[in-house]
Amino acid sequence: MLKQQSHIVAPIPDALRNKALLTVEDLRNRGKADKHAIDELYALIIELTENGLDFFFLEPLRRLNASGMLMGMARVGISSMLKGSKMVIHKVLKKLDDKSLAAILDFIEEIIFEPETSR
């Protein structure tokens, strides 16, 4: 669905892509929104979020050769944003049922793309 719409992208390391896809597959096969599944999903979402925040907020500053002080201020802001996000994500995931777990797994699969090959 996302490929049919305009969208922004954030690159992720191959290791994170592989981890995400393996986690989705494992949780989908288990099919239960139990504590273990919620903990695994929470860790994955946080790692994807941290990666995206770094790319969208810190990477432009790195490309502009921002000063250490500016980078430090940006990191503090991102850290605060991430702390708030973690609380919300944890609260939402605690209430997951099996159907909602499947929907989130579908979404994660939808946003993970393989690198395009050169032609």
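Our subject is the structure listed above.
Everything numeric here is computed off the predicted structure, so don't read it as measured data.

Caption draft 1: Just the packing of aromatic side chains, in detail. The full count for this structure, using the stated rule, is one aromatic pair. When the centroid spacing of 5.2 Å and the interplanar angle of 75° are considered together, the rings of F55 and F56 count as edge-to-face. Accessibility expressed as a relative area gives 23% for F55, which makes it partly exposed. Judged by relative accessible area, F56 falls into the partly exposed class, the value being 37%.

Caption draft 2: Structural context of unusual backbone geometry. Even without glycine at this site, N65 takes up a positive phi of about 55°. When you line up the elements, N65 lands in the loop between α2 (35–63) and α3 (68–94).

Caption draft 3: Region of interest: the side chain of R17. Note on placement: R17 falls in helix α1 (residues 14–30). According to the relative accessible area criterion, R17 is buried, its value standing at 12%. The contacts of R17, once residues within four sequence positions are left out, are I12, I112, F113, E114 and P115.

Caption draft 4: Summary view of the pattern of salt bridges. Within this structure, the stated rule accounts for 13 salt bridges. R30 is paired through a salt bridge with D26; the nearest N and O atoms lie 3.9 Å apart. Placement of the pair is R30 and D26 together in helix α1, with a separation of four residues, close to one helical turn. Using a relative accessible area of 31% as the deciding quantity, one classes R30 as partly exposed. One salt-bridge network, in which partners are shared between bridges, spans D26, R30, D34 and E40.

About the thresholds
- Residues numbered from 1 in each chain as written.
- Predicted model: local features only at pLDDT ≥ 70, side-chain atom pairs only at ≥ 80, totals over all residues.
- Heavy atoms only, no water.
- Phe/Tyr/Trp six-rings, centres within 6.5 Å; stacked < 30°, edge-to-face > 60°.
- Buried < 20%, exposed > 50% of the residue type's maximum accessible area, 1.4 Å probe, protein only.
- Helix = DSSP H or I, 4+ residues; strand = E, 2+ residues; numbered from the N terminus.
- Contact = heavy atoms within 4.5 Å.
- Salt bridge = Lys/Arg side-chain N within 4 Å of Asp/Glu carboxyl O.

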